[in-house]
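# Breakdown of the fold
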Amino acid sequence: MTQGFHFTFAATQLMLLPSGALWWPDRTLLCVSDLHLGKSERIVRRSGDMLPPYESRDTLGRLEEDLRHTNASTVVCLGDSFDDLLAAQNLPEAEILWITRLMAGRRWIWIEGNHDPGPVEFGGTHLAELHETPLTFRHIAQDGATNEISGHYHPKARLQLRGGRVSRPCMLVDANRVILPAYGTYTGGLRSDDAALSDLMREDAIAVLTGSPPRPIPMPR
Amino acid sequence: MLARALDPSLMLIAPTGGGKTLAGFLPSLVELGADPEPGLHTLYISPLKALAADMRRNLTTPINDLGLPIRVEDRSGDTSQTRKKAQRADPPHILLTTPESLALLLSYEDAPRIFAGLKRVVVDELHALAESKRGDQLMLCLSRLQAMCPGLRRIGLSATVEDPPALARFVAPHPAPCHIVQADPGPDPDIGMLTTDTPPPWSGGGGRYAIPEVLQQVAQHKTTLIFHNTRAQAEIFFHELWLANADGLPIGIHHGSLALEQRKKVEAAMVAGQLRAVVCTGSLDLGLDWGDVDLVIQVGAPKNVKRLVQRIGRANHRYNAPSKALILPANRWEVIECHAAIEAVLAHDLDGDPRGPGPLDVLCQHILITACAAPFDADALFKEVTGAGPYRTLTRAQFDDCLDFVATGGYALRAYDRWQRLMQRDDGLWRLRDPRLAQQVRMNIGTIIDTDTLKVRMKGRSGASAGKPLGEVEESFAASLVPGDTFLMGGQIVRFESLREMEVQVSRDRGRKPKLAVFSGTKFATSTQLSVRILDLLHRPALPNLPRHTLDWIRLQAQVSHLPRTGRILVESFDHDERAHTCIYGFAGKNAQQTLGLMVTRQMEELGLGPLGFVATDYATLIWSVAHVTDPMQVLNADQLQDGLEGWLADNALMKRSFKGAATIAGLITRNLPGKRSSGRQATFSSDILYDTLRKYDPDHLLLQITRTEAMRGLIGFGRIDEMLTRTQGRIDHVVTDQVTPFAAPLFLEVGKVPVNGAGREALLQAEADRLMEQSGLATLIATGQNADGNADGIR
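What counts as what
Residues numbered from 1 in each chain as written. Chains lettered and ligands numbered in written order. Predicted model: local features only at pLDDT ≥ 70, side-chain atom pairs only at ≥ 80, totals over all residues. Helix = DSSP H or I, 4+ residues; strand = E, 2+ residues; numbered from the N terminus. Rg over C-alpha atoms; globule rule 2.2 N^0.38 Å. Buried ≥ 20, exposed ≤ 12 C-beta atoms within 10 Å, placed from the backbone. Contact = placed C-beta atoms within 7 Å. Core = buried A, V, L, I, M, F, W, Y, C linked by C-beta atoms within 7 Å. Axes fitted to C-alpha atoms, helices over the stretch in contact; angles between N-to-C directions. Parallel < 35°, antiparallel > 145°, perpendicular 65-115°, else oblique. Nonpolar A, V, L, I, M, F, W, Y, C, P; charged D, E, K, R; others polar. Pairing = 2+ DSSP bridges. Arc of directions from axis to C-beta. pLDDT = per-residue confidence, 0-100. Expected span 1.5 Å × (residues − 1). Left-handed = near helix turned anticlockwise from the far one by under 90°.

## A few points about the overall build of chain A
Along its length, chain A carries five helices and 16 strands. Here the C-alpha atoms of chain A give a radius of gyration of 17 Å, agreeing with the 17 Å that 2.2 N^0.38 yields for 221 residues. Among the 221 residues that make up chain A, the fraction classed as buried is 52%. For chain A, long-range pairs separated by at least 24 residues make up 67% of all intrachain contacts whose partners lie at least 6 apart in sequence.

See below:
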């Protein structure tokens, strides 16, 4: 059984899955952000460091799992789906086929991110932003926007417990916007108390820690 | 020494500071003589930069006195670029350096020219180098040098060690013999326990309770060294010492986290005889010349008899008089341990764990360094590597695995063919694919893995102390600070202001009590031999001459529960604070007891006992849980525990830390270089993720093999758990009582409690999250959403 976190945003019922994907049941729409596929390939190309080349299959494996659970008809990849455009081209054959298989029979939208600002050689629709009334999906949150779903910052949050600390990727939510955690395996996080995030989010924002089940807390600042 | 001058290798063992270093240079000075040929003749390697600089001064005096035209220079990370360049172009006769600087020199293309004509290598403080991977790297470098200069002769200089032949095999080129010269060990030390009016506290380290007695000793002696086991303890002690120092005795502090300038000041004052005492840590363990030290005080149990003996040797080391030392137990347990340690010193019973074979991560780095200098032949390199003592049993298959890792990443998935680091040329030699990689390799040379540290600086633009560097703290400590927190640094209380550009900015604080002081130093575990002595001591027909408070405590334990015994494990069960408690006395050393805590709580989780956390000392592990352990065999079953290592133990933080170290040394990940990590923090991710990914998709990868090997020793100490289980063969004394037992009581005060992330903890997380949501009034907002949509089954 998947335990998600249900919440109402812009008068819309949404759910954060334990994996960090966002589920919109009324539209059977699944949104994932910052997959950073092909990251190890980009790293070796740029620095020569040969990290374990398994992060794309790990990310795709989790995405496949979420698709199986939800049977989504629409998938929105919220930008930085590929670590760069060359990494998208250089993905191994098996992983390209895997992506194609996941896309089959679904409406699939690639939102552009700062890492992948142009179209990639996969099917689906390539957009700068998606307006799916009443929500707007874009990679980077905009000042003054409302009803907005974005990614980009890889938010994470920490919680002090008796005798220990928990730090996990998280979703940030306030009345105006949702910022999704990074979904990709090789992604770090930006702490929610960083100025970039605390300036964006309203005082009453909450952070929902990913995990099974996800845990909402007041956003740590 | 001169009689043996033509031996290919030679090891001299002498007590600390017996003038052995100069003896090591004698053959060189004789050979160089009045008319030396130009070029490098002797290379001197020491573990400390400061020691190399010290040695230059010590050597220059006799050379000048004799009017010899011999050039002596030192080289380390602190040497200026200009001088380094000059040294490469025109090497001195005698070059004094560190293992890392030598490895760097060997990575240059002109290494064969720099070292042409080299006749001798002198390795100082060999016993210290052999305790870490720095020694393994050095031996690989010496093999490299031996290949360049076949007639090279080695001299190893060591303090007293427990197994000289093993150390000789380590330093000598395999299979050449190595003669051992033993110097006169001198008279037995005058050693005793520092007794105090106040009994020591039940737990903790630091020995603050004995400040008056320590000050009294300092006043009665010319110069006193006060050794501590950790930097944090040295800081607190020094601070308290000054608060009580009514006579204003000049006392300094010296440890590895202090800024270089600070340390140099103390060293200079010490040499000039201006200080009456120095509070210090292991950074003073090695043979720097400290003038007339006439007393050594060891604060806290020494954990290891060999180290104690080496420290004691710091007193009176220039005279053939006994060294004078006092040991100050920091808590009640340590009274027993100190007594056992003193007995061991007087019985000349040194301890030490046998060295394992040379680690493969160091070999990987060596292969990379070799490739930076010139293309190499794999067969020749294998032969060369197995000529190094620690690698004499290396198999060709292991070597090939390392070569494959360095060249391709060594993954089951051959993803990096285009980007290989090493390529094989048509003539069979291996070379760097991209020569620019050499720069990166050089930046990563070395096997010292610092926990990531951040510099601490005094805040402000004006004023005498503005911008002054004070030292370093661990990154994890810095991350836990909130503005206003106070801690000790260099003996003064500072207030945390901000974290800016990866520097900790602080201001002076007028308070008398720091809020925190938890930046940690090295954590030693009590050695196996010393643990056995302690168990033995508890069971003598007549308890030894211990202070009354300690004797009463031991007797009470015998009444209420049992005294732990060598061939059995004592397990106690009792309730405290409405939680079930289990105390396991394994006497396996802190690291192993900690690992045992992880393993046992895992078993308890599976049995549904709801373990919540545990804490470990050198002697015991105390676990608290929702339900009681009724049958200790269920959680201490040797087979299950051993299976544990392969399975869930792999998941713990210590394993991940070992992995990070190995991955850094082997060149999988690049060190965090200053200035490189400040940009875009969300772009960097932790090495833990790499570890988890490898375990999932490539469980036989070389780096995981290395990590598992290290788990048997060091931080994880699995080898000692194994030893404990073999020693006790399932014989368990299980005591169920209705009160906290005398031996378990101190564990409640111990710091470093480890939470268990199981069902029990998840419940705590939920409770805390709910509380916060309720408190902030945000809970109502969420509840509407949840009610509207029902539970998660509705997602289809």
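## Concerning the overall build of chain B
Per the secondary structure count, chain B includes 29 helices and 26 strands. Among the 796 residues that make up chain B, the fraction classed as buried is 46%.

## A word on the nonpolar core
Counting 192 residues, the largest nonpolar core has I226, V278, V279, A341 and C402 of chain B as the members making the most contacts within it. In terms of residues, this core owes the most to one element, helix α14 (residues 360–373) of chain B, which gives nine residues. Setting aside residues no more than four positions away along its own chain, A341 of chain B makes contact with A301, P302, V305, L308, I327 and L530 of chain B. By size, the runner-up hydrophobic cluster in this structure holds 60 residues, among which are F5, I149, L197 and M219 of chain A.

## Some words on unusual backbone geometry
Backbone torsion omega between T133 of chain A and P134 of chain A reads 5 degrees, so that peptide bond is classified as cis. Geometrically, the link from H174 of chain B to P175 of chain B is a cis peptide bond, its omega value of 0 degrees lying close to zero. Structurally, the position occupied by P175 of chain B is in the loop between α8 (164–171) and β7 (179–182). For D34 of chain A, which is not glycine, the phi dihedral falls at a positive 55 degrees. One can find D34 of chain A in the loop between β4 (29–32) and α1 (39–47). For Q729 of chain B, which is not a glycine, the phi torsion comes out positive at approximately 50 degrees. Its place among the elements puts Q729 of chain B in the loop between α27 (718–728) and β25 (732–736). On the basis of neighbour counts, which here come to 11 C-beta atoms within 10 Å, the residue Q729 of chain B falls in the exposed class.

## Remarks on the packing of helix α12 (residues 305–312) of chain B against helix α13 (residues 332–346) of chain B
Residue and element names in this part refer to chain B. Between α12 and α13, whose axes approach to 10 Å, the crossing angle comes to 70 degrees. By the angle class used here, α12 and α13 are roughly perpendicular. On α13, the residues touching V305, L308 and V309 of α12 are A341, A344 and V345. Across the contact of α12 with α13, the residue classes tally to six nonpolar, no polar and no charged.

## Structural notes on the sheet that holds strand β4 (residues 94–97) of chain B
Residues and elements named next belong to chain B. Read from one edge to the other, the open sheet built from seven strands follows the order β3-β4-β2-β5-β6-β1-β7, with strand pairing classed as parallel. In this open sheet, the two edge strands, each paired with only one partner strand, are β3 (72–75) and β7. The mean inter-strand angle of the sheet, taken between neighbouring strand axes irrespective of direction, is 20 degrees. Packing against the sheet, helix α2 (residues 49–65) makes contact with β2 (42–45), β3 and β4, and its axis sits at approximately 180 degrees to β3. Relative to strand β1 (residues 9–13), α8 is tilted by about 140 degrees, and along the sheet it contacts β1, β5 (120–123), β6 (153–158) and β7.

## Let's talk about helix α25 (residues 687–697) of chain B
Restricting attention to buried positions, one finds in α25 of chain B the residues L690, Y691, T693 and L694 of chain B. Down the axis of α25 of chain B, the buried side of the element spans an arc of 165 degrees, and every buried residue falls inside it.

## Regarding the confidence of the model for chain B
All names here are of chain B. Within chain B, residue pLDDT values average 84, and 86% of them lie at 70 or more. The model gives residues 783–796 a pLDDT under 50, and that stretch makes 24 contacts with residues more than four places away or in other chains. The complex model carries a pTM of 0.83, and its ipTM stands at 0.91.

## Remarks on the environment of P173 of chain B
Residues and elements named next belong to chain B. Of note, P173 is situated in the loop between α8 and β7. Under the C-beta neighbour-count criterion, P173 is labelled buried, with 20 such atoms within 10 Å. Note: C-alpha distance between P173 and A388 (215 residues apart in sequence) is 5.6 Å. The contact partners of P173, leaving out residues within four places of it in the chain, are P8, S9, S143, Q146 and G387.

## A short note on the pairing of strand β1 (residues 5–9) of chain A
Looking along a regular strand, one sees the side chains alternate between the two faces of the sheet. The buried fraction of β1 of chain A is high, at four of five residues. Between β1 of chain A and strand β2 (residues 12–16) of chain A, which pair antiparallel in sequence order, lie two residues; one of them, A10 of chain A, sits at a positive phi of approximately 50 degrees.

## Topic: helix α2 (residues 55–70) of chain A
Owing to its 3.6 residues per turn, the α-helix brings residues three or four apart onto one side. Here α2 of chain A contains 16 residues, and its C-alpha end-to-end distance of 23 Å stays within 8% of the 22 Å for a straight helix at 1.5 Å per residue. Within α2 of chain A, the full set of buried residues consists of E55, S56, T59, L60, L63, D66 and T70 of chain A. For α2 of chain A, the angular spread of the buried residues around the axis is 125 degrees, confining them to a single face. Packing partners of the buried residues in α2 of chain A comprise β3 (22–24), β4, α1 and α4 (93–103) of chain A together with α25 of chain B. Phi turns positive, to about 55 degrees, at N71 of chain A, one or two residues after α2 of chain A.

## Details of the sheet that holds β4 of chain A
Residues and elements named next belong to chain A. Strand order across the open sheet formed by seven strands is β1-β2-β3-β4-β5-β6-β7, with mixed pairing between neighbours. Bordering the open sheet on either side are β1 and β7 (125–127), each of which pairs with just one other strand. In this sheet, adjacent strand axes meet at a mean angle of 25 degrees when their direction is disregarded. Pairing of β1 with β2, which is carried by five bridges, proceeds in the antiparallel orientation. Across the sheet, residue F7 finds its bridge partner in β2, namely L14.

## Thoughts on the environment of G61 of chain A
Residue and element names in this part refer to chain A. Among the secondary structure elements, G61 is positioned in helix α2. For G61, a count of 14 C-beta atoms within 10 Å corresponds to the partly exposed category. Residues G61 and H6 lie 55 residues apart in sequence; the distance between their C-alpha atoms is 24 Å.

## With respect to the packing of α13 of chain B against helix α19 (residues 528–538) of chain B
Residue and element names in this part refer to chain B. One can describe the packing of α13 onto α19 by two numbers: an axis separation of 9 Å at closest approach and a directional angle of 110 degrees. One element, α13, and the other, α19, form an angle in the roughly perpendicular class. The two elements α13 and α19 meet at a crossing, and its hand is right-handed. On the side of α13, the interface is formed by I336, E337, H339, A340, A341, E343 and A344, while α19 contributes L530, R533, I534 and L537. Grouping the amino acids of the contact of α13 with α19 by side-chain chemistry returns seven nonpolar, one polar and three charged.

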